[in-house]
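# Residue-level structural notes
If you want the building blocks of each chain, they are given just below.
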Amino acid sequence: MKYRTIGSDPATRREVSVLALGAMLFGSRTDEKTSFAVLDRYVEAGGNFVDTSDNYAFWEDGSQGGQSEELLGRWRRSRGIGDEIVIATKLGARPLAPGTGYIDNAEGLSAKVVRESADRSRERLGVDRLDLLYAHIEDPAVPPAETVEGFAALVAEGTVGLLGVSNHAVWRVERARALAAAAGLPGYDVLQYQHSYLRPRTDVPGGLFPDGSLGGADAQLRSYLRAEPGLTLVAYSPLLAGAYTRADKPLPQDYDHPGTPARLAVLREVARETGATVNQVVLAWQLGGELPVIPLAGASSVAQLDENLAAVDLELDEEQRARLDAAH
């Protein structure tokens, strides 16, 4: 395994594995025995960066979520896991009532919610401190200063380490970070957005983003990362939930456009040249790029995890990487 540092403050920054493990479906669609086996194998391979949220996976059973955090808590206790494993979680998108969702009934990012949700996550995970806590989705109804101050209070108390943000417009991220800096408070150090080798359309509206997606690592976000070298991008859904390799899994709507075939063709060429799988090339492309990207990939079996882990040692040469980058 290889590692990189996330965070800018020496008091809270952490060394994490360059491949993060997504635990979104652990405890729901992925049963406990399988989830524990995947987690055990990940740790055995040197992995130490596990990602969850307080609303995972509410859509599986119409609940408010929390199953993934609860499973990770049981796994930690059964294995004697301490702070050597960095667990990231999120708040803000948990449905306020069963049978609802984050589009129509999200808990939001008020100072009250930030505190109460963080406390519940610590209880479910069985930890005294959340290593990395994200603001999961935007809350335009709450002044950004209130959210910034709410997160900073938890850091000051020692119940949260690093702060992150996901699925926000770049201008909101910058505004929150500027407010934090002006007040001498900790700000967002880690950005979690959807990012894969294929490029999505960003103008497709959705329930959460009526102006087009704010959840992807588009040109503005990548430009922001270049300008702010202290930030790290955690790239969720790098393998598009199996769409690269599964014949029964169509590409998501925003990835199915005229620019996709050319990139897929080059991706498959490089996979043949390296003897690697398409998924491994996607992960290696992210891992070896010039931007600080940590792929966040889930796994529903140990075999899937082992395929992903092998990408850590896959080296793409400059010519292969240039071809991958240039395809459009």
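Residues numbered from 1 in each chain as written. Predicted model: local features only at pLDDT ≥ 70, side-chain atom pairs only at ≥ 80, totals over all residues. Heavy atoms only, no water.

What follows deals with the overall build of the protein. When its secondary structure is counted, the protein shows 12 helices and 10 strands. Here the C-alpha atoms of the protein give a radius of gyration of 19 Å, agreeing with the 20 Å that 2.2 N^0.38 yields for 328 residues. The proportion of buried residues among the 328 residues of the protein is 53%. Sequence-distant contacts in the protein: of pairs separated by 6 or more residues, those separated by 24 or more amount to 75%. Of the roughly 14100 Å² of accessible surface on the protein, a fraction of 50% belongs to carbon and sulfur atoms. Charged side chains of the protein number 33 positive and 46 negative; the gap between the two group centres comes to 1 Å. (Helix = DSSP H or I, 4+ residues; strand = E, 2+ residues; numbered from the N terminus. Rg over C-alpha atoms; globule rule 2.2 N^0.38 Å. Buried < 20%, exposed > 50% of the residue type's maximum accessible area, 1.4 Å probe, protein only. Contact = heavy atoms within 4.5 Å. Areas by Shrake-Rupley, 256 points an atom, 1.4 Å probe, with all protein chains shown as cover. Lys, Arg positive; Asp, Glu negative; His and termini not counted. Charge placed at Lys NZ, Arg CZ, Asp CG, Glu CD.)

What follows is about the pattern of salt bridges. This structure, assessed with the given rule, holds 21 salt bridges. One salt bridge in this structure joins Arg 172 and Glu 138, with 3.0 Å as the shortest N-O distance. Pair noted here: Arg 172 is in helix α7 (residues 170-182) and Glu 138 is in the loop between β6 (130-135) and α6 (144-157), with a separation of 34 residues, a long-range link. Arg 172 sits in the partly exposed class, given a relative accessible area of 24%. Salt bridges here are not isolated pairs; linked through shared partners, they connect Glu 269, Glu 273, Glu 319 and Arg 323. (Salt bridge = Lys/Arg side-chain N within 4 Å of Asp/Glu carboxyl O.)

Here the focus is helix α3 (residues 67-79). Counted at 1.5 Å a residue, the expected span for α3 with its 13 residues is 18 Å, and the 18 Å between its end C-alpha atoms agrees. Among the residues of α3, Gln 67, Ser 68, Glu 69, Leu 71, Leu 72, Gly 73, Trp 75 and Arg 76 are the ones counted as buried. Summarising the contacts, the buried residues of α3 are in contact with α1 (32-44), β4 (49-51), α2 (58-61), β5 (86-91) and α5 (111-125). Just downstream of α3 lies Gly 80, where phi reads positive at about 65°. (Expected span 1.5 Å × (residues − 1).)

What follows deals with unusual backbone geometry. Residues Tyr 56 and Ala 57 are joined by a peptide bond in cis, for which omega reads -10°. One non-glycine residue, Leu 240, lies in the positive phi region at around 55°. Mapped onto the secondary structure, Leu 240 falls in the loop between β9 (232-236) and α9 (260-274). By relative accessible area, which is 2% here, Leu 240 ends up buried. In this structure, Ala 241 is a non-glycine residue whose phi angle is positive, near 55°. Within the secondary structure layout, Ala 241 lies in the loop between β9 and α9.

A few words now on the side chain of Glu 107. Structurally, the position occupied by Glu 107 is in the loop between α4 (102-105) and α5. In this structure the side chain of Glu 107 is engaged in a polar contact, spanning 2.9 Å, whose partner is the side chain of Ser 117. Among residues more than four places away in sequence, those in contact with Glu 107 are Asp 54, Leu 91, Gly 92, Ala 93, Arg 94, Leu 96, Val 113, Ser 117 and Arg 120. (Polar contact = N/O pair within 3.5 Å; in protein donor to acceptor, adjacent residues only side chain to side chain.)

Okay, the sheet that holds strand β7 (residues 160-166) next. In spatial order, the strands read β3-β4-β5-β6-β7-β8-β9-β10; together these 8 strands close into a barrel with parallel pairing. Recorded for the sheet is a direction-independent mean angle of 30° between the axes of neighbouring strands. Bridge count between β4 and β5: 3 bridges; the pairing is parallel. Paired with Val 50 across the bridge in β5 is Ile 87. Running at roughly 140° to β5, α5 makes contact with β5 and β6 of the sheet. Relative to the sheet, α6 contacts β5, β6 and β7, its axis offset from that of β7 by approximately 155°. (Pairing = 2+ DSSP bridges. Axes fitted to C-alpha atoms, helices over the stretch in contact; angles between N-to-C directions.)

Burial of β9 is extensive: 4 of the 5 residues sit out of reach of the surface. Examined bridge by bridge, strand β8 (residues 190-194) and β9 share 5 bridges and lie parallel to one another. The residue of β9 that forms the bridge with Tyr 193 is Ala 235. The handedness of the β8 to β9 crossover, carried by helix α8 (residues 219-227), is right-handed. (Right-handed = clockwise from strand over helix to strand, strands pointing away.)

Attention shifts here to the pairing of β8. Within β8, 5 of the 5 residues are buried, leaving the element largely enclosed by the surrounding structure. Burial along β8 is two-sided: the residues Val 190, Gln 192 and Gln 194 and Leu 191 and Tyr 193 are all buried. With 3 bridges connecting them, β7 and β8 associate as parallel partners. Bridge pairing in β8 places Ser 166 opposite Gln 192.

Here the focus is the environment of Ser 110. Looking at where Ser 110 falls in the secondary structure, it is placed in the loop between α4 and α5. On a C-alpha basis, the gap between Ser 110 and Glu 149 in space is 9.8 Å, while along the polypeptide they are 39 residues apart. The contacts of Ser 110, once residues within four sequence positions are left out, are Asp 139, Val 142 and Glu 146.

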